[in-house]
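# Summary of the model geometry
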Amino acid sequence: MKTISLHQLSSLGDQTPAPIASHVIADNQAGYALALDVGGEHYEVVSENGERLRFRTIEHLLDVLVDAPEVAHIARLDFSRWYPSPAYA
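This structure is a prediction, so every number in the text was calculated from the model and none was measured.

Let us now look at the packing of aromatic side chains. Taken as a whole, this structure holds two aromatic pairs when the rule is applied. Considering the side-chain rings of Tyr32 and Trp82, the 5.9 Å spacing of their centres and the 25° angle between planes classify their relative orientation as stacked. You can see Tyr32 sitting in strand β3 (residues 31-38) and its partner Trp82 sitting in the segment after β5 (71-81), a full 50 residues away along the chain. A relative accessible area of 37% means that Trp82 is categorised as partly exposed.

Close approach of charged atoms allows side chains with opposite charge to pair. All told, the structure shown has two salt bridges when counted by the stated rule. For Lys2, the salt bridge identified is with Glu41, shortest N-O distance 2.4 Å. One end of the pair, Lys2, is in strand β1 (residues 2-5); the other, Glu41, is in strand β4 (residues 41-46), and 39 residues separate them in sequence. In this structure, Glu44 engages Arg52 in a salt bridge whose closest nitrogen and oxygen atoms are separated by 2.3 Å.

Rules used in this analysis
- All residue numbers here refer to positions counted from 1 along the written sequence of the relevant chain.
- Two thresholds apply to this predicted model, a pLDDT of at least 70 for residue-level local features and 80 or more for giving and counting side-chain atom pairs, whereas whole-chain, interface and lining totals are computed over all residues.
- Side-chain numbers here rest on the full set of heavy atoms in the structure, without hydrogens or water.
- Pairs were defined over the aromatic rings of Phe, Tyr and Trp, the Trp ring being its six-membered one, requiring ring centres within 6.5 Å. Orientation was assigned from the angle between planes: stacked under 30 degrees, edge-to-face over 60, tilted for the rest.
- Helix and strand definitions here come from DSSP, where helices need a minimum of 4 consecutive H or I residues and strands a minimum of 2 consecutive E residues; each element is numbered from the N-terminal end.
- Note on classification: 1.4 Å probe, protein chains only; a residue is buried when its accessible area is under 20% of the maximum for its type, exposed when over 50%, partly exposed between these limits.
- For salt bridges, the criterion is a side-chain nitrogen of Lys or Arg within 4 Å of an Asp or Glu carboxyl oxygen.

These figures come from the coordinates and say nothing about function on their own.
In structure tokens:
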């Protein structure tokens with residue numbers, strides 16, 4: 001999987017005519033992460049030091065997506081890593 005930093009996200013739309021689909025990965029231990037699908041190529045959004053970028057809340061992640069108009073405004077939500085807390089299990 002390729003990586004892209006958050007500040008490179010805005011220029012990605014200029015580099016490719018392919019639609020950019022976003023995938024929100026929810027992990028109740030680590031927070032939310034963002035991955036992109038650009039014409040069949042998968043990108044993981046990383047921090048400036050190359051680590052997977054984590055968002056504390058879904059609202060923060062969605063604010064980032066709103067600021068990137070080249071990314072499709074329909075996101076796939078992946079909750080496969082989201083487990084119920086023991087109090088509600």
